[in-house]
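Each chain is listed here by its residues.
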Amino acid sequence: MPASPQKLFSYACKFAFVLVLTVVLSTSVNAKNPTHLQHKVILTDDTPLNAFEGIYQSKDNPFSVFKITAVGDKLLAKAFEGEQQFTLTRKSDLSFESPDEDGDETMTVVFSKNEAGEISGALVAGRQQWNKIKSYTPPAEVKLTADQLKAFEGKYEFEQKKGTYLQITAAADGLTLKQLWDGREINFIAIGEQSFLNKQIGFPLVFTKDANGAVVKVLAFGRDSWDKVKE
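Owing to the predicted nature of the structure, the values given are computational and were not obtained by experimental measurement.

## Considering the pattern of salt bridges
Phase 1 of the analysis: Under the counting rule described, the total for this entry stands at nine salt bridges.
Phase 2 of the analysis: Of the charged contacts in the structure, one is a salt bridge between Lys 217 and Glu 159, with a shortest N-O distance of 2.5 Å. Highlighted residues: Lys 217 in strand β17 (residues 215-220) and Glu 159 in the loop between β11 (154-158) and β12 (165-171), separated in sequence by 58 residues.
Phase 3 of the analysis: The class of Glu 159 is partly exposed, set by a relative accessible area of 34%.
Phase 4 of the analysis: The salt bridge partner of Asp 227 is Lys 162, with a shortest N-O separation of 3.9 Å. Separated by 65 residues along the polypeptide, Asp 227 in strand β18 (residues 224-228) and Lys 162 in the loop between β11 and β12 bring together distant segments of the chain.
Phase 5 of the analysis: Here the residues in one salt-bridge network are Glu 159, Lys 162, Lys 217 and Asp 227, joined through shared partners.

The structure is reproduced here in structure tokens:
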């Protein structure tokens, strides 16, 4: 069973940090005493917290955008739209950590600098790149007719795991996606003739039509492909 869109998003937007420890060993030799090893942890924070402030956008999902601000001795990362937010605790100069939404895992984010020494991005969980951008304008809602919305209705099967399905139905102001493996429903607004978005979790859907104009496929999160089932 694939991860739910909420869990997928959770992994795309959760921040976690690599703890960087510098261990200094000092050895003293004495003819009468054995060798002693002293371990010293050095934590550097040469970069001021306000240098991390700004807007960060997921490289893989342009609709997943967070604004980071310094609050006291921590950073607060809040979704540009929706209620998602995370508190980032510093562990080294460029590394921070935060618990996930469930509070049962700690994940890492390591910031990076450009050649000018400015914060330019962050690597989340060791694999997801986020880029610092100057500004972000949320996509505007597009009004589609009832007939246009109805064309997207149907059952869709996950290409990577056959037998796993989504059900999509038209709603008054967009589409409703139902995960048939757990019954969860997610609402989407139209941001184009074939593009939809759930702004709360930055979850995009992009549909594909064939040469005859019939909907045949939907791409979720820019990576998960679902084929429309012929019924």
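From this point, the discussion proceeds with the structure in view.
## Overview of the side chain of Asn 61
Phase 1 of the analysis: When you line up the elements, Asn 61 lands in the loop between β3 (54-58) and β4 (65-71).
Phase 2 of the analysis: At 2.7 Å, the side chain of Asn 61 and the backbone oxygen of Gly 202 are in polar contact.
Phase 3 of the analysis: Once you skip the residues sitting within four places of it in the chain, Asn 61 turns out to touch Gly 202, Pro 204 and Phe 221.

## Points about the pairing of strand β16 (residues 203-209)
Phase 1 of the analysis: Sheet topology places strand β15 (residues 195-198) next to β16; four bridges connect them, and they run antiparallel. Bridge pairing in β16 places Asn 198 opposite Phe 203.
Phase 2 of the analysis: Between the end of β15 and the start of β16, which pair antiparallel, lie four residues, with Gly 202 showing a positive phi angle near 60°.
Phase 3 of the analysis: In this sheet, β17 lies alongside β16 in antiparallel orientation, the contact comprising five bridges. Its bridge partner being in β17, Phe 207 is matched across the sheet by Val 218.
Phase 4 of the analysis: Where β16 folds back on β17, the antiparallel hairpin that results is connected by five residues, among which Gly 213 adopts a positive phi of roughly 90°.

## Let's talk about the confidence of the model for the chain
Phase 1 of the analysis: Averaged over the chain, the pLDDT score is 84; the fraction of residues at 70 or greater is 79%.
Phase 2 of the analysis: Here residues 1-37 is modelled with pLDDT under 50, and outside its nearest four sequence neighbours on either side it reaches 99 contacts, counting other chains as well.

## Brief notes about the packing of aromatic side chains
Phase 1 of the analysis: Scanning all chains against the criterion turns up 15 aromatic pairs.
Phase 2 of the analysis: When the ring of Phe 52 is compared with that of Phe 96, the centres are 5.1 Å apart and the planes differ by 75°; the resulting orientation is edge-to-face. In this pair, Phe 52 sits in the loop between β2 (36-42) and β3 while Phe 96 sits in strand β7 (residues 95-99), placing the two residues 44 residues apart along the sequence. This pair shows no difference in class: Phe 52 is buried, exactly as Phe 96 is.
Phase 3 of the analysis: An angle of 15° between the planes, with centres 6.1 Å apart, marks the rings of Trp 181 and Trp 226 as stacked. Here Trp 181, found in the loop between β13 (174-179) and β14 (185-190), pairs with Trp 226, found in strand β18; they are 45 residues apart in sequence, far enough to count as distant.
Phase 4 of the analysis: Classification of Trp 181 by relative accessible area gives partly exposed; the value is 22%.
Phase 5 of the analysis: Its relative accessible area of 5% is what places Trp 226 among the buried residues.
Phase 6 of the analysis: Following the ring pairs from residue to residue traces out a cluster consisting of Phe 52, Tyr 56, Phe 96 and Phe 111.
Phase 7 of the analysis: Across the ring face of Tyr 165, the terminal group of Lys 155 is positioned such that the distance to the ring centre comes to 4.3 Å.

Rules behind the numbers
- Residues numbered from 1 in each chain as written.
- Predicted model: local features only at pLDDT ≥ 70, side-chain atom pairs only at ≥ 80, totals over all residues.
- Heavy atoms only, no water.
- Salt bridge = Lys/Arg side-chain N within 4 Å of Asp/Glu carboxyl O.
- Helix = DSSP H or I, 4+ residues; strand = E, 2+ residues; numbered from the N terminus.
- Buried < 20%, exposed > 50% of the residue type's maximum accessible area, 1.4 Å probe, protein only.
- Polar contact = N/O pair within 3.5 Å; in protein donor to acceptor, adjacent residues only side chain to side chain.
- Contact = heavy atoms within 4.5 Å.
- Pairing = 2+ DSSP bridges.
- pLDDT = per-residue confidence, 0-100.
- Phe/Tyr/Trp six-rings, centres within 6.5 Å; stacked < 30°, edge-to-face > 60°.
- Lys NZ or Arg CZ within 6 Å of the ring centre and 35° of its normal.

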